Each structure stands twice: as C-alpha cells, then as structure tokens.
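# A look at the structure
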Amino acid sequence: LCRLGEGLEETGRLSETSFARTVEACRRFRAICDAMEVARVDVLATAAVRSASNGGALMAAIAEAAGFEVRLLSGAEEARFAGLGVISGFYRPIGLVGDLGGGSLETIEVRDDRVGERDVSLTTGALPVQAMLAAEGRAARRRLDALFAERLPPALIAEPAFYAVGGGFRAIAKAHMAANRVPVQVVHGYALDAKEARRFAKRLWNLEPEELVAEPGVPARRLATVPAAALVLDRLLKRLEPERVVFSALGLREGWLYAQLSEAERYLDPLVEGAQIVGVTSARVPAFGAALARWTDSLFPGETPADRRLRLATCALSDIAWRSHVDVQAEESFHRLLQFPFIGIDHLERVYVAAVIHARYGGGSGDPATAAALALLSSAQRRRARVLGRTLRLAHRLSGCVGSILETASLHVEAGQVRLEIRSNAGIPDSDTLKSRLQDLARALRVPNAEIVEVR
C-alpha cells in the first residue's frame, strides 16, 4: 500500500515517503515483468496523482526508474472503468457502483451491460476521511452528509443495489463475514440488506482502536483506514437508500482489462466461461461437459436464463473430482467450489453449484459438512440441485463419459415415473449400478417408479 493520498488534502503534495515507496514498487514490478517476459504493461494513475502538485513529477520518476509510461485517468474515466469492472464480474448488474480508493470516491450507474452517463468523483477517499475523523471525531459524519447531499444528485438515489468496490469496502465485508460466521467466506458477491450494512458500518467506525484490533476478520493492513471506509459506507447508504449492498472484488483494474476485449468477448458469460476453463482441464473427457449440457436441456421445463447458466456451469464442472478417492469426492468438491474464485456468481448461486456437484458425487442431503451452506438455499433450490446432481451422476455411469453413448439414451420424467430410454442397438448393459442411480434420481424427483426400457 503506497498510501499516495496520505496528507495530500493538507499539503496539496504527495509526501516524500509515499512518492519514494511508489517509485520503488514500480521498479520491483518492472523487474518481475521483465523476468516473466511480459509483452505489454499498462500503468494507470488515479485521484491522488491528479490532485497533487507533484503528480507529474511522480509520473516522470516512474518513467525514469522503471521505464513505465503512466496514463493519468480523469475522474470520469476512473468511475467508468470501476463500473466496467462490476459489469465484468456480475450477471447483469443493475445499480450504482461506489469505488472507494485511498484518495477519492467514484460513483457511476451500471445498467446490465453498460455504464450510465451520470458519474461523480469526490475527494472522500479513505485517507482524507481518516484525517477528517482524527480531527473532528463523530462530527465528521455531518461534513460527509453535507457533501453527499450537494454532490450526489437525486437521479442516483434509490437504485436497487449499491456495488461496493475497493479495499476499504472489502475489509468491511470480511469483518462482517467473520463476525457472523457465514458459510461462504468469499467477498465477491457477498450481499447484505442495506440496513444491516449500515448497522455494521456504524458499529465499526465507532470502535476504539484497541477494539478494532480485536475485531475478527479485519485485515491488519487495513486497520487504520477501516473506520474511515465504514463511515463513508454508512453515510453513502443513508443518502442513496438502496435495497442492498453487494461487495465486488473487481473494480478499476478489471474494468480496464474488460474494456480491451472485443464486443463478442464481453458478452460471454463469465461464470460459464470460468467453469469450462476449470472443468475442461480437469475432466477425463474434455468434450463431455457439452454433451451433458445437451442431454439435460429438457430436464427443467420453463428454465430461466439465470437457471440455465448455472446448469451449464455444473455440467462443465461435473468431473472435477475424478482423481480424488471415492469416499471424499462429494465433500471435497463441495468445499472447493464453495470457495473457488469464480465471478459472475453470487453466494446463493455458488452454494447451488456446489450442491449440484456434491449430489453428482453421491453426497447425501444429511451430510453435516454441507448443512450450514445449504441452509442458505430454499427447499425448492435444494431439491433442484439434487435432481440435477443425480442426473449428472446417472449420465456419467450410463455413458462412461462418452458423448456419443449418452446420445443413445434419453430421460423422461412423467407423473409418478422417471424412465430412461436406451436404443436397443446401443449395447449399454442394464446393470445394477445403473438401476440404483436411476432410483436415486427418482427419489430426488419424489416419484415412486423408475424404469429402464429399450427402444428402437
């Protein structure tokens, strides 16, 4: 952490310490990039360098010491790239992005696949607000309230979701997860009711330093600025009145990268693409995931686009634990997927994906290792996950992970019965194991009968 914004509001300059620290960091990155034979390096400067009277001198020093040409972003560009970062990391986000950096706070609307035209850049980063708290104590909230009332227009108020970006906000999410012992310890996609987020933020910024040190989950390197970040979040939510807060691990850097993609690449689903990258490289037969997706297309009549993308992801991931011992496949895959750094997914969807693969590997509904996480899902979601998981389990046994064999069979769910039809020339044995897995699926579907029939 270079802390470029530290003391900037008082002096108008980057301190000698932060200046030197930043140049040394860039020299280190230059050495790493050269060793890795990196072909292209983009170096972006934001609010602190924009505002400082010696910001240009820092950019020149970086160019001389590390050979990096620094691009200085405007406040509008900074907000836009933060918004694109959120778009790249969530499924069709609608709301307002707030990116809290050391020196500034950028806000911008996101509308599914694009950023809005209204953006605001404020000099209320974590470091200036930290100084404000030190000087004014609790009275600092009134200054923030007045500033937000003046600078955040009514058009930005009452968006359904506030997407919280930046290290300070992520630290608040980590602290809340630790304090509440949530079963999914992943910041990205962690969502809170806005009232609960305000309650917790208010508590954090009112803690004494020794109390904050004892607070579980607060990253040590963020201890000094967490109260400031919490104060900003509390007063922002008071002004904006969203329904919920969603924390994002992706921001300006990822938005900058996303902006380099072609339009076709931007429209690829990040969850499905990520699941295919992980699943295809892990599978015994890389093409089988696509065959599974086709085979299960008719399993859920009326399937929504949001549900379909989860099904495609689980089909791609259905063979990730084949190298593990059979006794631990279900539990290992569940916990791995629960914490895996997927994007384009929220916590409930993450639990659903893990539950499907747990069922695919024969995991039982009463497994105590999964109980806390599965409690986040509704009974209908748990049942759906179990049905899909048991279907994938049946398909793997039926076909031996060979797509052409899978295509010789079809699954039919009717009133009171699940029927597996196999073409008579397919040569698939009607084994006890196959019957057992079909019966497992029937139990998940809550139908009494299951049969395997040969058809011409």
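See above for the structure.
Here we summarise the structure given alongside this text. (Residues numbered from 1 in each chain as written. Predicted model: local features only at pLDDT ≥ 70, side-chain atom pairs only at ≥ 80, totals over all residues. Heavy atoms only, no water.)

For the rest of this paragraph, the subject is the layout of surface pockets. In this model, the largest pocket occupies a volume close to 1800 Å³. For the lining of the largest pocket, the secondary structure elements donating two or more residues are helix H2 (16-35), strand S1 (43-45), helix H3 (47-51), helix H4 (55-66), strand S3 (94-100), helix H6 (126-136), helix H8 (167-180) and helix H12 (252-259). At five residues, H12 tops the list of elements feeding residues into the lining of the largest pocket. The residue makeup of the lining of the largest pocket, split by class, is 27 nonpolar, 12 polar and 11 charged. Computed from the structure, the second largest pocket encloses a volume of approximately 690 Å³. Along its surface, the second largest pocket is lined by 27 residues, and Ser88, Tyr258, Arg266, Leu268 and Pro270 are the ones closest to its centre. Elements represented by at least two residues in the lining of the second largest pocket include exactly helix H5 (75-89), strand S5 (114-122), H12, helix H13 (263-266) and helix H14 (270-282). Examining the composition of the lining of the second largest pocket, we find that four residues originate from one element, H5, more than from any other. Each residue belonging to the lining of the second largest pocket can be placed in one class, and the counts come to 14 nonpolar, one polar and 12 charged. (1 Å grid on protein atoms, 1.4 Å probe; cavity = no way out; pocket = protein on both sides within 12 Å on 5 of 7 lines; lining within 4 Å. Points joined across faces, edges and corners; volume = space filled by probe spheres on them. Helix = DSSP H or I, 4+ residues; strand = E, 2+ residues; numbered from the N terminus. Nonpolar A, V, L, I, M, F, W, Y, C, P; charged D, E, K, R; others polar.)

Two elements in contact, H5 and H12, have axes whose closest approach is 6 Å; the angle formed by their N-to-C orientations is 80 degrees. Taken together, the axis directions place H5 and H12 in an arrangement best described as roughly perpendicular. Note on element contacts: H12 touches H5 through Leu252, Glu254, Gly255, Trp256, Tyr258 and Ala259, opposite Glu78, Phe81, Ala82, Leu84, Gly85, Ile87 and Ser88. The residue inventory of the contact of H5 with H12, partitioned by class, reads eight nonpolar, three polar and two charged. (Axes fitted to C-alpha atoms, helices over the stretch in contact; angles between N-to-C directions. Parallel < 35°, antiparallel > 145°, perpendicular 65-115°, else oblique. Contact = heavy atoms within 4.5 Å.)

All right, on to H12 then. Those residues of H12 that sit buried are Leu252, Gly255, Trp256 and Tyr258. Viewed end-on, H12 has its buried residues packed into an arc of 160 degrees, placing them on one side of the element. Along H12, exposed side chains directed more than 90 degrees from the buried face belong to Arg253 and Leu257. In this structure, the buried residues of H12 make contact with S1, strand S2 (70-72), H5, S3 and H13. (Buried < 20%, exposed > 50% of the residue type's maximum accessible area, 1.4 Å probe, protein only. Arc of directions from axis to C-beta.)

This part takes up a nonpolar patch on the surface. On the surface, a nonpolar cluster with roughly 420 Å² of combined accessible area is contributed by Phe29, Ile32, Met36, Val38 and Val41. Tracing the sequence through the fold places Phe29 in helix H2. Judged by relative accessible area, which is 44%, Phe29 ranks as partly exposed. (Patch = residues over 30% accessible without salt bridge, like charges linked within 9 Å, V, L, I, M, F, W, Y side chains within 5 Å. Areas by Shrake-Rupley, 256 points an atom, 1.4 Å probe, with all protein chains shown as cover. Salt bridge = Lys/Arg side-chain N within 4 Å of Asp/Glu carboxyl O.)

The subject of this paragraph is the side chain of Ser399. As for its placement among the helices and strands, Ser399 is situated in helix H20 (residues 379-399). Overall, the relative accessible area of 4% leaves Ser399 in the buried class. From its side chain, Ser399 meets the backbone oxygen of Ala395 in a polar contact 2.8 Å long. If sequence neighbours within four positions are ignored, Ser399 has contacts with Phe288, Ile405 and Leu406. (Polar contact = N/O pair within 3.5 Å; in protein donor to acceptor, adjacent residues only side chain to side chain.)

Let us look at the sheet that holds strand S4 (residues 105-111). Read across the sheet, six strands follow the order S5-S4-S3-S6-S8-S7 without closing on themselves; strand pairing throughout is mixed. Each edge of the open sheet carries a strand with a single partner, namely S5 and strand S7 (191-193). Neighbour-to-neighbour, the strand axes of the sheet open up by a mean angle of 20 degrees, direction not taken into account. (Pairing = 2+ DSSP bridges.)

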